[in-house]
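# Chains, contacts and geometry: an overview
Single-letter residue listing:
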Amino acid sequence: NYRTPEQQIPEKPLDYPWETCMTMASSWSYVPGDQYKPARTIIHYLVDIVAKGGNYLLNIGPSPQGDYDTTAYSRMKEIGAWMKVNGDAIYATRPVAPYKENNICFTQNKDKRVNAIYLAAEGEKTMPATITLKGVKPAKKASISLLGFKGNLKWKTVNGETVVSIPASAQKMPPCNYAWTFVISAIE
């Protein structure tokens, strides 16, 4: 049986199976004109929960006619578009320390690849020129790629931290909105 924190995300991974139960809007049931969470917020919650080893149960209250508000459909379409690019960093992954540092969350695939998921700030539509990873160290011959972008990225170690360079083309035209996944082929 899962323990289910409602409408909240634990600060750190829990040592038992758990899931966060959360509403897409403000109520568990249908409320005409309800305020829905932005897709960016829902995606960031999903990443944070999965990075801590949890499951995300997202509630959408249907209308008396059994339909959803048009905003709910819009949010699901945005989440689906993001998952199409980044699903490999979410499905069948495990948490990996340090789980989260600043705005970057970490998951690990069964083949030991590590996903560093950069959570974009409100209004951040272009990627930064570099990202810096402190808690995860790529192996010497590791490659780093960006989901939804072809080719490997350049990276180097500076003062014990990993600095990943993002090509100008990816900066200007990110592969998706709200959060970007950097895949490290192997860590130390």
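Scroll up for the structure.
Because the structure is a prediction, the values reported are computed rather than measured.

Our next topic: the sheet that holds strand β8 (residues 152-153). Reading across from one edge, β3-β4-β5-β11-β7-β8 is the order of the six strands in this open sheet, with antiparallel pairing throughout. Two strands in the sheet have a free side with no partner beyond their single neighbour: β3 (94-101) and β8. Pairing between strand β7 (residues 144-146) and strand β11 (residues 179-184): three bridges, direction antiparallel. Note on β11: the bridge partner recorded for Ile144 is Ile184. The strands that helix α1 (residues 39-51) touches are β3, β4 (104-108), β5 (114-119) and β11; relative to β4, the one it contacts most, it runs at about 50°.

Let's shift gears to α1. Over its 13 residues, α1 runs 18 Å from end to end, which matches the ideal 18 Å to within 8%, given 1.5 Å per residue. Three or more residues of α1 are buried, namely Ala39, Arg40, Thr41, Ile42, Ile43, His44, Leu46, Val47, Asp48, Ile49, Val50 and Ala51. Gly53 lies just past α1 and shows a positive phi near 85°.

Moving on to unusual backbone geometry. In this model, Ala97 is joined to Pro98 through a cis peptide bond whose omega is 15°. Tracing the backbone shows Pro98 in strand β3. Despite not being glycine, Ala92 shows a phi value in the positive range, around 55°. Looking at the secondary structure, you find Ala92 in the loop between α2 (70-86) and β3. In this structure, Tyr99 takes a positive phi of about 70° despite not being glycine. Along the polypeptide, Tyr99 turns up in strand β3.

Criteria and cut-off values
Position numbers for residues start from 1 in each chain and track the written sequence from start to end. It should be noted that, the model being predicted, local features are given only for residues of pLDDT at least 70 and side-chain atom pairs only at 80 or more, the latter also being counted only at that level, while totals for whole chains, interfaces and linings use all residues. Hydrogens and water are ignored here; the side-chain numbers use all heavy atoms of the structure. Two strands pair under a simple rule: DSSP has to find at least two bridges between them. Counting from the N terminus, the helices are DSSP H or I runs at least four residues long and the strands are E runs at least two residues long. Contacts between residues were defined by any pair of non-hydrogen atoms, one from each residue, lying within 4.5 Å. Axis angles are defined between N-to-C directions and span 0 to 180 degrees, where every axis is a line fitted to C-alpha atoms and, for a helix, only to the segment in contact. To estimate how far a helix should extend, the number of its residues minus one is multiplied by 1.5 Å. For the exposure calls, accessible area comes from a 1.4 Å probe over protein chains only, and a residue counts as buried if that area is under 20% of its type's maximum, exposed if over 50%, partly exposed in between.

These figures capture arrangement, not role.
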